[in-house]
Number of protein chains: 2
Amino acid sequence: MNLCLLFGGKTYEHEISIVSAIALKKLFSHLHFFIFLDDNHHFYLIPANKMQSKLFSSKDYKKEKQIHPKEGGFFYKTLWGEKCLDFSVILNLIHGFDGEDGVIASLLEFYNIPYIGPRNPACVLSCDKELTKLYAKSRGIQTLDYKILYKGDTLNGVDYPVIIKPARLGSSLGIAIAKHQTELEYAIEQAFEYDEKVLIEPFFKNIKEYNLAGYKAKDGMHFSFIEEPQKQEILDFEKKYLDFARTQNAKEAAIDETLKQSLQEAFKKIYENCFEGALIRCDFFFKDSIIYLNEINPIPGSMANYLFYDFSKDLQNLAQNLPIQKNLKISYEFLHKIHFAKGK
Amino acid sequence: MNLCLLFGGKTYEHEISIVSAIALKKLFSHLHFFIFLDDNHHFYLIPANKMQSKLFSSKDYKKEKQIHPKEGGFFYKTLWGEKCLDFSVILNLIHGFDGEDGVIASLLEFYNIPYIGPRNPACVLSCDKELTKLYAKSRGIQTLDYKILYKGDTLNGVDYPVIIKPARLGSSLGIAIAKHQTELEYAIEQAFEYDEKVLIEPFFKNIKEYNLAGYKAKDGMHFSFIEEPQKQEILDFEKKYLDFARTQNAKEAAIDETLKQSLQEAFKKIYENCFEGALIRCDFFFKDSIIYLNEINPIPGSMANYLFYDFSKDLQNLAQNLPIQKNLKISYEFLHKIHFAKGK
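Here the structure is a predicted model, which means the values were calculated and not measured. (Residues numbered from 1 in each chain as written. Chains lettered and ligands numbered in written order. Predicted model: local features only at pLDDT ≥ 70, side-chain atom pairs only at ≥ 80, totals over all residues. Heavy atoms only, no water.)

## Structural notes on the relation of the copies chain A and chain B
Argument step 1. In screw terms, the move from chain A to chain B is a rotation of 180° and a rise of 0.0 Å along the axis, fitting with an RMSD of 0.0 Å. Look at the turn and shift together and you get a two-fold axis relating the two.
Argument step 2. Interface overlap between copies is the fraction of interface residues in one copy that are interface residues in the other; for chain A against chain B it reaches 100%, indicating a shared surface. (Least-squares fit on C-alpha atoms with pLDDT ≥ 70 in both. Contact = heavy atoms within 4.5 Å.)

Dropping the structure here:
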């Protein structure tokens, strides 16, 4: 299996994606190609031995070969025409916009390039925190109560403390906790810097949190082990940033079999008939014996490799179990009928 | 305003899009370019005087100039390099897959090409009938009860008659009414031909239906007049097909001012903060004094021109009020920090 890593993107999480990509390269020997998407939406082919963060921060990547997507793959110019890169599957590792909002998924679908990653609807449902809640509820999974704010909206009857989040952003960007009105106003203003849509939820200090990753293959669901993430009040961007470089196995959460199965059952309900083709991580809360979905990471940092005992095997397994696009051919049956009816 | 019509697509509604495009060309003199997307995902530039259905059904379009999207527009090869088509805005008129599932929207966003049409999240929410219901409910708009079926699911306690629909398809394709179990089984099988996800709703004969189109500009919402569509039990594909060629104004529904305002209010709740950039048509049911959303057409057949008294003016108005993409530049602040911390 000849995998190609796609990373970067026009996204607030551009740098996180670079860190994620470098981490993944270290631990996965099946990666043979590295495609970097810069903030001008230009694609570059990065040689494996140059995969270091300095290449990107110095903008030296611009000296590398530029490539572009076309039907069936990524192409580069040669003296006599153009050539297609020889990989079998793309691994979409662009976090945030482009990668997780469905733009790259759509581009790859359009050009018929096989890829590991969430399909377009899965992206839209997981990148908007309100839609995630509506979706989870429709699958019988609880989420915390919430309110949505657009610019100019007013908010009454707030039960502090609350947590304020830009509705369509990951990686803790623009997230803050407010314990009273002044903090709330400041936090809302800050969140609006990132998104026109802001979500407000109750904040529970020391709420139990469990992270579980997984994917589906022909033989059913494959789950990672479960981690109880160690954290301060919330991870800020810089801490989460380093989190994306993780390559050491995490510590398995000490929970009983019943809870483990319930978390897996919830994960399965979220995943099936929507996230096929992707390895995702679901972050759950557990409070008063109820499981709540906090968020879906459809492209988790460094692919949540630290939750799998044999990550390389799982990634290859997923690569061999990707959804197949429907082959749809146009017959022009109706246009022929019209011409016939018109006597033309 | 130099508009370019994009039509065709790898979709069951490919032919409908051609009919829609030819209808629109006849009544809108601002269309200067016509881009056809065939079922191989190749784009062709069609000269205005060749915009006839026979060009496509005969596959003669393949003799026309092939073009491809790139940053800032659509390009064609010249002797000395390539040239960009000189239009200001694309009008996305691809019905069904590609056009209404977010693929084309994503492609145009990626290449930074301005377009009239639903953005990606709006596509995903309106093309999946279950998501449309979840979304409408979250905005305080009622929809009919429903059940979702995937292959292998069983269905109990059905209250006939019901209507069976592929969950992610428009234009009445695969839709059937069932009055008893044999019909239901056949209808479900038929719907599964089109989609792995099927939706079942109660069917109300002679339910009142009202269609309303509109869009948002800087000065607020602009509504079409309201039509009460004349129909048999349901429109089949062929009848709906001819419906897409409509260029004559429809008859305004004879309803009182209160109902009209309620329908507009419901439309606005659906539209705002999601469908900006698109002219959409919402099809409502009205039963026991309650408004139900039936479906959202984010790219209605021939752009629902027959519901506007001055369609040309409205389309130009929308073209001048498109959402602006956020300009996001990468600073590499965090990577620089890491290098500094590492002493590199």
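## So, the sheet that holds strand β15 (residues 280–287) of chain B
Residues and elements named next belong to chain B.
Argument step 1. Pairing in this open sheet of four strands is antiparallel, and the strands run β14-β13-β15-β16 from one edge to the other. Edge positions in the sheet fall to β14 (220–227) and β16 (290–297), since each of these pairs with one other strand and no more. Each strand axis lies, on average, 30° off the axis of its neighbour in the sheet, ignoring direction.
Argument step 2. Pairing of strand β13 (residues 208–217) with β14 involves six bridges; the strand directions are antiparallel. Pairing of Lys216 across the sheet is with Met221, part of β14.
Argument step 3. Contacts from helix α9 (residues 311–319) reach β13 and β14 within the one sheet, and its direction differs from that of β13 by about 50°. (Pairing = 2+ DSSP bridges. Helix = DSSP H or I, 4+ residues; strand = E, 2+ residues; numbered from the N terminus. Axes fitted to C-alpha atoms, helices over the stretch in contact; angles between N-to-C directions.)

## Points about the layout of surface pockets
Argument step 1. Space inside the second largest pocket adds up to approximately 1400 Å³.
Argument step 2. When residues of the lining of the second largest pocket are traced back to their parent elements, those giving at least two are α4 (120–127) and α5 (129–138) of chain A together with α3 (103–110) and α4 (120–127) of chain B.
Argument step 3. Broken down by element, the residue count for the lining of the second largest pocket peaks at four residues, all from α4 of chain B.
Argument step 4. Residue composition of the lining of the second largest pocket, grouped by class: 22 nonpolar, five polar and 17 charged. (1 Å grid on protein atoms, 1.4 Å probe; cavity = no way out; pocket = protein on both sides within 12 Å on 5 of 7 lines; lining within 4 Å. Points joined across faces, edges and corners; volume = space filled by probe spheres on them. Nonpolar A, V, L, I, M, F, W, Y, C, P; charged D, E, K, R; others polar.)

## Details of the environment of Phe275 of chain A
Residues and elements named next belong to chain A.
Argument step 1. Note on placement: Phe275 falls in the loop between α8 (257–271) and β15 (280–287).
Argument step 2. Its relative accessible area of 0% is what places Phe275 among the buried residues.
Argument step 3. Separated by 70 residues in the primary sequence, Phe275 and Lys205 place their C-alpha atoms 31 Å from one another.
Argument step 4. The residues touching Phe275, leaving out its near neighbours within four places in the chain, are Ala122, Ser126, Tyr135, Ile270, Ile280, Ile296 and Pro298. (Buried < 20%, exposed > 50% of the residue type's maximum accessible area, 1.4 Å probe, protein only.)

## Some words on the pattern of salt bridges
A side chain of one charge can pair with a side chain of the opposite charge when the charged atoms of the two come close.
Argument step 1. On inspection of all chains with the given rule, the structure shows 28 salt bridges over all chains.
Argument step 2. The shortest N-O distance in the salt bridge between Asp128 of chain B and Lys197 of chain B comes to 2.8 Å. With Asp128 of chain B in the loop between α4 and α5 (129–138) and Lys197 of chain B in strand β12 (residues 197–202), the pair connects residues that are 69 residues apart, well separated along the chain. For the residue pair Asp128 of chain B and Lys197 of chain B, the accessibility class agrees, reading buried in each case.
Argument step 3. A salt bridge links Glu130 of chain B to Lys197 of chain B; the nearest nitrogen and oxygen atoms lie 2.8 Å apart. Of this pair, Glu130 of chain B sits in helix α5 while Lys197 of chain B is found in strand β12, placing the two residues 67 residues apart along the sequence.
Argument step 4. Judged by relative accessible area, which is 3%, Lys197 of chain B ranks as buried.
Argument step 5. Linked through salt bridges whose partners overlap, the residues forming this network are Asp128, Glu130 and Lys197 of chain A. (Salt bridge = Lys/Arg side-chain N within 4 Å of Asp/Glu carboxyl O.)

## What to know about the pairing of β15 of chain A
Argument step 1. Across the eight residues of β15 of chain A, six count as buried, placing the element largely inside the fold.
Argument step 2. The antiparallel pairing of β15 of chain A with strand β16 (residues 290–297) of chain A creates a hairpin that spans two residues between the two strands, and Asp288 of chain A there sits at a positive phi of about 50°.

## Examining helix α6 (residues 181–192) of chain B
All names here are of chain B.
Argument step 1. The terminal C-alpha atoms of α6, which comprises 12 residues, lie 16 Å apart, in line with the 16 Å expected from a rise of 1.5 Å per residue.
Argument step 2. Regarding α6, the residues found buried are Leu184, Ala187, Ile188, Ala191 and Phe192. Buried residues of α6, seen end-on, are gathered within an arc of 135° and therefore sit on one face of the element. What points out from α6, more than 90 degrees from its buried face, is the exposed set Thr182, Tyr186 and Glu189.
Argument step 3. For α6, the secondary structure elements touched by its buried residues are β9 (147–150), β10 (162–166), β11 (176–178) and β12. (Expected span 1.5 Å × (residues − 1). Arc of directions from axis to C-beta.)

## Here we look at the state of the cysteines
Argument step 1. In this structure the tally under the stated criterion is zero disulfides over all chains.
Argument step 2. Unpaired in this structure, Cys274 of chain A has its nearest cysteine sulfur neighbour in Cys123 of chain A, at a distance of 9.2 Å.
Argument step 3. Note on Cys274 of chain A: relative accessible area 12%, which makes it buried.
Argument step 4. Here Cys123 of chain B stays free of any disulfide, with the sulfur of Cys127 of chain B as its closest cysteine sulfur at 7.3 Å. (Disulfide = S-S within 2.5 Å.)

## Examining helix α1 (residues 14–27) of chain A
Residues separated by three or four positions in an α-helix point in the same direction, a consequence of the helix having 3.6 residues per turn.
Argument step 1. Here α1 of chain A is 14 residues long and its end C-alpha atoms lie 21 Å apart, about the 20 Å a rise of 1.5 Å per residue gives.
Argument step 2. Among the residues making up α1 of chain A, those that are buried are His14, Glu15, Ile16, Ser17, Ile18, Val19, Ser20, Ala21, Ile22, Ala23 and Leu24 of chain A.

## Topic: the sheet that holds β11 of chain B
All names here are of chain B.
Argument step 1. An order of β9-β12-β10-β11 is seen for the four strands of this open sheet, with the pairing classed as antiparallel. Two strands close off the open sheet at either side, each with one partner strand: β9 and β11. When the angles between neighbouring strand axes are averaged without regard to direction, this sheet yields 30°.
Argument step 2. In the sheet, β10 pairs with β12 via five bridges, with the strands oriented antiparallel. From the neighbouring strand, Pro166 faces β12, where its bridge partner is Val198.
Argument step 3. On the sheet, α5 packs against β9, β10 and β12 and is oriented at approximately 55° with respect to β12.
Argument step 4. Here α6 sits on the sheet and contacts β9, β10, β11 and β12; the angle it forms with β10, its principal contact strand, is near 15°.

## Considerations on the packing of aromatic side chains
Argument step 1. In total, this model carries 42 aromatic pairs over all chains according to the counting rule given.
Argument step 2. Considering the side-chain rings of Phe110 of chain A and Phe43 of chain B, the 5.7 Å spacing of their centres and the 25° angle between planes classify their relative orientation as stacked. Taken together, the residues Phe110 of chain A in helix α3 (residues 103–110) and Phe43 of chain B in strand β3 (residues 43–45) connect one chain to another. Residues Phe110 of chain A and Phe43 of chain B agree in their burial class; the two are buried.
Argument step 3. Considering the side-chain rings of Phe7 of chain B and Phe36 of chain B, the 5.4 Å spacing of their centres and the 45° angle between planes classify their relative orientation as tilted. One end of the pair, Phe7 of chain B, is in strand β1 (residues 3–8); the other, Phe36 of chain B, is in strand β2 (residues 31–37), and 29 residues separate them in sequence. The two residues Phe7 of chain B and Phe36 of chain B agree in class, both being buried. (Phe/Tyr/Trp six-rings, centres within 6.5 Å; stacked < 30°, edge-to-face > 60°.)

## Regarding the interface of chain A and chain B
Argument step 1. With 63 residues of chain A at the contact, the number on the chain B side is 63 residues.
Argument step 2. Interface area, chain A with chain B, both sides summed: about 5500 Å², of which 61% is carbon and sulfur.
Argument step 3. Together, Phe110, Leu328 and Tyr332 of chain A form the three largest contributors to the area buried by chain A at its contact with chain B, with a combined 14%.
Argument step 4. Where chain A packs against chain B, one counts zero salt bridges.
Argument step 5. At the boundary of chain A with chain B, the tally comes to 23 residue pairs in polar contact (both at pLDDT 80 or more).
Argument step 6. Of all the elements in the fold, those that place two or more residues in the side of chain A that touches chain B are α1, β2 (31–37), α2 (53–57), α3, α4, α5, α7 (237–243) and α10 (333–342) of chain A. (Buried area = accessible area lost by both parts, 1.4 Å probe. Polar contact = N/O pair within 3.5 Å; in protein donor to acceptor, adjacent residues only side chain to side chain.)

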